[in-house]
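Chain by chain, the residues run as shown.
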Amino acid sequence: MIQLMHSQPTHTKRRPSVAQTVLLHKPSYGLASLLLLISLRVFGQSSESVSGLVQPFDAYRRQALQEKLFVHTDQNFYLIGENLWFKVYYVDGSFHKPLDLSKVAYLELLDNEQKSVLQTKVSLASGGGNGSVFLPASLPSGTYRLRAYTNWMKNFSADYFFEKRLTIVNPFKPLGLPVLNEVADYDIQFFPEGGNLVQGLASKVAFKVADASGRGAAVRGWVLNGLNDTLSRFTSHKFGMGTFMFTPTEGAVYRVLIRDEKGRTVTRPLPASQPQGYTMQLTDAGTDQLKITVATNSDSPSTVYLFAHTRQVVKAAEVRTIQRETTFLIDKSALGEGISHLTIFNADRKPVCERLYFKRPTQLVSIALKPDQNQYVSRAKVSIDASVLAPATKTSQAALSMAVYRIDSLAPTRSETILSYLWMSSDLQGTIESPEYYLQPETAEIAQATDNLMLTHGWRRFRWNDVLASSSQTTSGQPLLRFIPEVNGPIIQGTLTDPTSGKPLPNKLTYLSTPGKPIRLFVSQSDAEGRIKFEMQDFYGPKIIIAQTNPDDSLAKITITNPFMDAPPARKLPDVAITESQSDQLLSRSVAMQVQSTYWVIGLFSIRIRPSTVLLSTGAQASPTCWMPIRVSHAWKRYYASTFWE
């Protein structure tokens, strides 16, 4: 028997069938086709030659719909014993419109070793869902990753999943002192514009220097050759990022010497240069155009293609002949708002360079909150008017969520919002430091920082080998899309194997039931690889499932597949830093947590026990007055005691 947890939505809604779901997305595909025609009209003289890129790309986008999730949590800092409240926003990855395809979101909390410590499923209606997770006393203090995804999103890299950092403190266990490292331990990366350094060609090289916590570090640097001659100097700009120009030569080896503000130095090698290849440089050709310069160290005339898309919606496609160098001009108005990918293909239609460009959104939706009073007494009712300020061309309806929390030294400053996530973070690799900074009104400093970000966090939500494949399979021969969207509810999957040989058992009937009212029975026949699948519609709350075969196959082994996906290795999260000056606030919040946990139950009375001790990393001790609740469950007439410390 296996117990599954699934959060029930706050309201019920009829679930669309697969056919209805397809109809819901037809307008999006029609819009994409219209944009494709517009792009090809702009570059009509080369529409036939670029069709070999445009058509498979658009076909791939149609079958590989991109989903995005954003999770709004009520806080970023929690104590054990508290509830983590959240709302999930669910949109299409290309147009950022609410989706009604997947009906289940998987939400889990990962520790510093990328192991899942809490897991739950959340029901999704049109555009999202909501729920809460209780943080048990078994969690140690630390920084955690909250991640969310759908079954369909498991077809793609886990980098596409929503992630955010949360701090959780267990005040009843010592935090320990963080280890101070006097030796510079920086993550230093170099990113040649376009992707590669090519011998004899000048390139802009971007760099990023981050400390152990992932924050950018202010540094100075020098590019040195094998004779220790200084070839270039540079200084970091914002968030430890910056650029310098560099031209590699044949047979030379280069290294970079970096010095931080404390005078500590580290040395790193530059990426190796290629003997033959292409480079690209993106420059601003004025207020209305972008100039892309493509260079090669080959003297033979050839052909190169420029392909531009914004979140997989084709925006431009053009072909040019090249002999050492050629240029493309793109109207900024042709690109969509947000992040666009500019890719250069050679004559064989193989991607050789790629660059990101960020077009700042011009009409951001803002929310205004107005309380009915400026000051309130304890336990007074608070009324807040929320106004959505949107352009006249936008809809007047909006799905909102609001969190109210105390501002103190325990509450870190918020940075990531749904706007910065959808427009930027969700389409970039790695963690973005202060993403809201880039959505401010543009200045020269912000424009430079944004371009550095595009150079150092470039990536795409697909592989060109998959896009240009002639069939729906990847180059390795494996199916491109293994996981189907859960359009009606959770899908329980498993395998049927021979207990002795371990070989799959095909064409065997398997039954799954859920005891209780109403009694439900599901049937599945194993495929050639012994896989079984059950679609569970209107499946909420904790359930016990029972799976079995026919009596003739009673010895067969049934294995239910874990629907949660293993997390890939990731950078170590920063340690929790609680100082002695925060002990009073931590104590006050700990007592409030215990009081709330005591009285927010049905049928409750309490007995007073001896004070517990709250342990801090500084060695300071505090003794709050604690209550141990005796909770009564009227439904089962069962009495039990619980406490939140060991």
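Residues numbered from 1 in each chain as written. Predicted model: local features only at pLDDT ≥ 70, side-chain atom pairs only at ≥ 80, totals over all residues. Heavy atoms only, no water.

**Considerations on unusual backbone geometry**
Cis peptide bonds are those with omega within 30 degrees of zero, and the linkage from Lys 517 to Pro 518 qualifies with -5 degrees. If you trace the backbone, Pro 518 turns up in the loop between β29 (509-514) and β30 (520-525). Although it is not a glycine, Gln 312 adopts a positive phi angle of roughly 70 degrees. Within the secondary structure, Gln 312 is located in the loop between β21 (302-310) and β22 (313-322). Its relative accessible area of 3% is what places Gln 312 among the buried residues. A positive phi angle, close to 50 degrees, is found at Asp 538, a residue other than glycine. Position of Asp 538 among the secondary structure elements: in the loop between β31 (531-535) and β32 (543-549). (Helix = DSSP H or I, 4+ residues; strand = E, 2+ residues; numbered from the N terminus. Buried < 20%, exposed > 50% of the residue type's maximum accessible area, 1.4 Å probe, protein only.)

**A few points about the sheet that holds strand β12 (residues 203-210)**
Strand order in the open sheet formed by three strands is β10-β12-β15, and the pairing between neighbours is antiparallel. Both outer strands of the open sheet, β10 (187-192) and β15 (241-246), are each paired with one neighbouring strand and no more. Ignoring which end each strand starts from, the neighbouring axes of this sheet average 25 degrees apart. Two strands pair when backbone bridges link them, and β10 and β12 are joined in this way by six bridges, in the antiparallel orientation. Its bridge partner being in β12, Ile 188 is matched across the sheet by Val 209. (Pairing = 2+ DSSP bridges. Axes fitted to C-alpha atoms, helices over the stretch in contact; angles between N-to-C directions.)

**Regarding the confidence of the model for the protein chain**
Averaged over all residues, the pLDDT of the protein chain is 81; the fraction at 70 or higher stands at 80%. This model gives residues 602-646 a pLDDT under 50, and the stretch forms 98 contacts once residues within four places in sequence are excluded. (pLDDT = per-residue confidence, 0-100. Contact = heavy atoms within 4.5 Å.)

**Looking at the environment of Glu 261**
Counting through the fold element by element, Glu 261 comes out in the loop between β16 (255-260) and β17 (265-269). Between the C-alpha atoms of Glu 261 and Arg 220, which are 41 residues apart in sequence, the distance is 8.4 Å.

**Points about the sheet that holds strand β23 (residues 325-331)**
One open sheet accounts for three strands, arranged β19-β20-β23; its pairing is antiparallel. Of all strands in the sheet, those with a lone pairing partner are β19 (278-284) and β23, marking the two edges. Ignoring strand direction, the axes of neighbouring strands in this sheet form an average angle of 20 degrees. Looking at chain direction, strand β20 (residues 289-296) and β23 are connected through seven bridges and run antiparallel. Looking at β23, one finds that Ala 295 is bridged to Glu 325.

**What to know about helix α4 (residues 444-456)**
Helix length check: α4 (13 residues) gives 19 Å between terminal C-alpha atoms against 18 Å at 1.5 Å per residue, within 8%. Among the residues making up α4, those that are buried are Ile 446, Ala 449, Thr 450, Asn 452, Leu 453, Met 454, Leu 455 and Thr 456. In this structure, the buried side of α4 is in contact with β10, β12, β15, β24 (338-345) and β25 (351-359). (Expected span 1.5 Å × (residues − 1).)

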